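Here are the chains, one letter per residue:
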Amino acid sequence: MPNTIETRLPTGVKDFLPVKAAKLDYLQNTLRSVYRSWGFRPVAPAVLEDLAVLELGLGTDLREKTFRFDDRQTGRLVAFPPDMTPQIARIAATRMRDMPLPFRLCYNGRVLRHTEQRLGKDREIFQSGVELIGLNGPEADAEMIAMAVKCLQAVGAGEFTIDIGQVEFLRGVLNGLPLDPVQSRTVRTAIASKDTSGLQQLLRDLPLTDQQRSELLALPRLYGGREILAQARDSIANPASQAALDNLEKILEVLTVYGVEEHITLDLGEMRGFDYHSGLIFQGFLSGFGQAVCAGGRYDGLTGRYGFPAPATGFAFNLYSLLFALDRILEERAGEGTDFLLFSPGQNKAPAQRLAATLRSQGYSVARDIIERDQAASLDYARRMHYRYLLVLDATQEKLTLIRTSDGETNSVAPAKIESGQFQI
Amino acid sequence: MSDYLTFALPKGRIMQDSMDLFARIGITCPEMDDPGRKLVFENRADKLRFMAVRSQDVPTYVEHGCADIGVVGKDTLLEQDKDLYEPLDLQFGYCRLVVAEPKELRQEDDPAGWSNIRVATKYPNVTEKYFAAKGVQVEVIKLYGSIELAPLVGLAERIVDLVSTGGTMRENGLVEVETIAEITSRLIINRASLKTKHRRIIRLIEDLEQIIEHGPRISG
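A brief structural summary.

Rules of the game
- Residues numbered from 1 in each chain as written.
- Chains lettered and ligands numbered in written order.
- Predicted model: local features only at pLDDT ≥ 70, side-chain atom pairs only at ≥ 80, totals over all residues.
- Heavy atoms only, no water.
- Helix = DSSP H or I, 4+ residues; strand = E, 2+ residues; numbered from the N terminus.
- Buried < 20%, exposed > 50% of the residue type's maximum accessible area, 1.4 Å probe, protein only.
- Contact = heavy atoms within 4.5 Å.
- Areas by Shrake-Rupley, 256 points an atom, 1.4 Å probe, with all protein chains shown as cover.
- Lys, Arg positive; Asp, Glu negative; His and termini not counted.
- Charge placed at Lys NZ, Arg CZ, Asp CG, Glu CD.
- Buried area = accessible area lost by both parts, 1.4 Å probe.
- Salt bridge = Lys/Arg side-chain N within 4 Å of Asp/Glu carboxyl O.
- Nonpolar A, V, L, I, M, F, W, Y, C, P; charged D, E, K, R; others polar.
- Pairing = 2+ DSSP bridges.
- Right-handed = clockwise from strand over helix to strand, strands pointing away.
- 1 Å grid on protein atoms, 1.4 Å probe; cavity = no way out; pocket = protein on both sides within 12 Å on 5 of 7 lines; lining within 4 Å.
- Points joined across faces, edges and corners; volume = space filled by probe spheres on them.
- Phe/Tyr/Trp six-rings, centres within 6.5 Å; stacked < 30°, edge-to-face > 60°.
- Lys NZ or Arg CZ within 6 Å of the ring centre and 35° of its normal.

### Some thoughts on the overall build of chain B
Right, so step 1: Secondary structure summary: chain B contains 9 helices and 11 strands in total.
Right, so step 2: In terms of principal-axis extent, the alpha carbons of chain B reach across some 60 × 35 × 30 Å.
Right, so step 3: Considering chain B as a whole, with its 220 residues, one finds that 53% of them fall into the buried category.
Right, so step 4: For chain B, long-range pairs separated by at least 24 residues make up 67% of all intrachain contacts whose partners lie at least 6 apart in sequence.
Right, so step 5: Here chain B displays about 10700 Å² of accessible surface, and carbon together with sulfur accounts for 47% of that area.
Right, so step 6: In chain B, the 29 positive side-chain charges and the 35 negative ones have mean positions that sit 5 Å from each other.

Here it is as structure tokens:
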């Protein structure tokens, strides 16, 4: 029967029905258990922030995407966070400042961002991530990448790559060039899109030395496997970039120890997060999926904006992207519905209720079919609502039949076997 | 699926030019010789797939990762501002994006004195950005085709459009005032594809670069 009441949802947000929601649940739980195994403890930030406070930790890009409105009680602007990292930075810098460093924190929650409409982009983003605050040095950076790899393996991703960049390497090339802000922005845009020919054209007219030109032109091509580190050494001479390469090499050494280097690719021309990050940056890509599923990196300046300067690094997964990319794998891992629907046609329901309680205490998931109907209707319901088995306790309360919903395979089970805990499906 | 390399190509001339270019580096698709009404063509032996789409849709398919690689005019890229890599200028499909106006208006007109103007175009974003940078207020009228008609019937005094030979504009009594950008076809690549299929894609880019450097520049 069609619903005649209009119930549209704003674009860019979604509801998840049980089958999909179970997969989301699986992703959250699996990631959380990886975080826990590396010693990370959960924090749960507030859903609303004072806009002025939140903006301390947001770059221009995210500021423009923030949902904001006014607080009737105070007249101040409040906002739904577009990213959880600034919130964690605020919590660490204010609420936790007297605790000993480092902090290993993880979180899980939804954020909102304005996006272009009609392009299939989400406004609601479900983030799950970690922040490691108070640690400098390559081992901390390597920890983030190794964890991201372990997370992807844990949720069942097969072919994937963690693509690493180094913001300081880029700064070494870009800082100190005699460019005005507009020129500098167009040069950065060309590098970001790896537009070599556009960059060539731009550089022709700019007042640069041959050395500066050749370094800039090298950037869009410095991506691939580990071999590009040597290429970068040869083509880029400035000390800041060389120091950044030293840092990268140390990180890669640790990653080899963790045994994750086969998943690493490098992109030294990656400009993403150039304004916000301060060292190693990375993104995770699954083979066959067009967008990054996770992103992270070092952001040493962020907690300082909340009055507590500390080195920090972290990453976050986009759970909707993971859900979409791994749908088939998650079907196997989280697709199973409830174990039993317990159907009992007799007048006395007490034995069925007791049986359900026994099965639950043994760890099974059981729902009672409370509606009065015949067995065929009960089986039909069980099939459509993703129950694995229909368990029928007949009117005599003595005969127990187990029907598998997928193929109708039927077996009888002795009630005593369940009571004694010997029953297994 | 993911071991295939998928191309999104604009239907028509550019698709043909692209396939001619790709053939020179050994990328072919015999299935395309007899296209019929099909939109997807496969070369199973080499694990290649080609999709024929509207040129304005090429960046969308590539940005979402439905295609790893696309060929599209720089005009479309400028207009849409998508998150993509564009590592190679393929140097065909050459034309220019220009501001034009009727010949009679041009004789007494000084572009340096424009303060607010009305412009008809298929490229509203490029037009707005271009004039905003010059400090000129522009009222854009978005059209989908036959832009040259707009000044003739008084819809807008000026237009922003592509010209290759300039024939259509001349025949409609229009003259170019300024060039906004020189346009050629670009190779675009999905960000994730470049990372997850980097060996295949780097080779493709390098091979193409070789023949583009050595081949004659195609124009017109």
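### Quick notes on the interface of chain B and chain A
Right, so step 1: Tallying the contact residues gives 24 residues for chain B and 27 residues for chain A.
Right, so step 2: Across the chain B to chain A interface the summed buried area is about 2100 Å²; carbon plus sulfur atoms make up 46%.
Right, so step 3: Inspection of the region where chain B meets chain A yields 9 salt bridges.
Right, so step 4: A salt bridge links R221 of chain A to E209 of chain B; its shortest N-O distance comes to 2.7 Å.
Right, so step 5: Among the elements of the structure, α2 (58–64), β5 (85–89), α8 (191–196) and α9 (198–214) of chain B are those that each provide at least two residues to the side of chain B that touches chain A.
Right, so step 6: Taken together, the residues that form the side of chain B that touches chain A break down as 8 nonpolar, 6 polar and 10 charged.

### Looking at the pairing of strand β7 (residues 116–121) of chain B
Every regular strand shows the same layout, with side chains that alternate between the two sheet faces.
All names here are of chain B.
Right, so step 1: Bridge count for β7 against strand β8 (residues 137–142) is 6 bridges, and the pairing is parallel. Bridged to T121 within β8 is K142.
Right, so step 2: Following the chain from β7 across helix α5 (residues 124–134) to the adjacent parallel β8, one finds a crossover that is right-handed.
Right, so step 3: Both β7 and strand β9 (residues 158–163) contribute to a ladder of 3 bridges, which runs parallel. The residue of β9 that forms the bridge with T121 is V160.

### Digging into empty space enclosed by the protein
Right, so step 1: Per the counting criterion, the structure on display carries 2 cavities of 30 Å³ or more.
Right, so step 2: The space that makes up the largest cavity amounts to roughly 40 Å³.
Right, so step 3: For the largest cavity, the full set of lining residues is F343, S344, P345, K349, D369, I370, I371, E372 and R373 of chain A.
Right, so step 4: In terms of residue class, the lining of the largest cavity is built from 4 nonpolar, 1 polar and 4 charged.
Right, so step 5: As for the second largest cavity, its lining consists of D163, Y223, G224, T265, L266 and D267 of chain A together with L194, K195 and H198 of chain B.
Right, so step 6: Listing elements by their share of the lining of the second largest cavity, those giving two or more residues are β8 (223–224) and β9 (264–267) of chain A together with α8 of chain B.
Right, so step 7: In terms of residue count, the dominant contributor to the lining of the second largest cavity is β9 of chain A (3 residues).
Right, so step 8: Taken together, the residues of the lining of the second largest cavity break down into 3 nonpolar, 3 polar and 3 charged.

### Quick look at unusual backbone geometry
Right, so step 1: Here the bond from L101 of chain A into P102 of chain A is cis, since omega is -5°, no more than 30 degrees from zero.
Right, so step 2: With respect to the element layout, P102 of chain A can be found in the loop between α4 (85–94) and β5 (103–112).
Right, so step 3: Unusually for a residue other than glycine, D81 of chain B sits at a positive phi of about 55°.
Right, so step 4: Residue position: D81 of chain B is located in the loop between α3 (74–80) and β5.

### A closer look at the pattern of salt bridges
Right, so step 1: The final tally for this structure, using the stated rule, is 50 salt bridges over all chains.
Right, so step 2: We note a salt bridge from D267 of chain A to K194 of chain A, for which the minimum N-O separation is 2.9 Å. With a gap of 73 residues between them, D267 of chain A in strand β9 and K194 of chain A in the loop between α7 (181–192) and α8 (196–204) connect regions that are remote in the sequence. The two residues D267 of chain A and K194 of chain A agree in class, both being buried.
Right, so step 3: Its salt-bridge partner being R186 of chain B, residue D89 of chain B comes within 3.9 Å of it at the nearest N-O pair. Taken together, the residues D89 of chain B in strand β5 and R186 of chain B in strand β11 (residues 185–189) connect sequence positions 97 residues apart.
Right, so step 4: In this structure, a network of salt bridges that share partners links the residues D163, K194, D267, E270 and R272 of chain A together with D83, R191 and K195 of chain B.

### Structural notes on the packing of aromatic side chains
Right, so step 1: Enumeration according to the criterion identifies 17 aromatic pairs over all chains in this entry.
Right, so step 2: With a centroid separation of 6.1 Å and 50° between ring planes, the pair formed by W114 of chain B and F131 of chain B is classed as tilted. With W114 of chain B in the loop between α4 (103–108) and β7 and F131 of chain B in helix α5, the pair connects residues that are 17 residues apart, well separated along the chain. Summarising the burial analysis for this pair, W114 of chain B and F131 of chain B share the class buried.
Right, so step 3: Here the aromatic residues Y35, F282, F315 and F317 of chain A are joined through ring pairs into a cluster of three or more.
Right, so step 4: If you follow R373 of chain A out to its NZ or CZ, it ends over the ring of Y381 of chain A, 4.6 Å from the centre.

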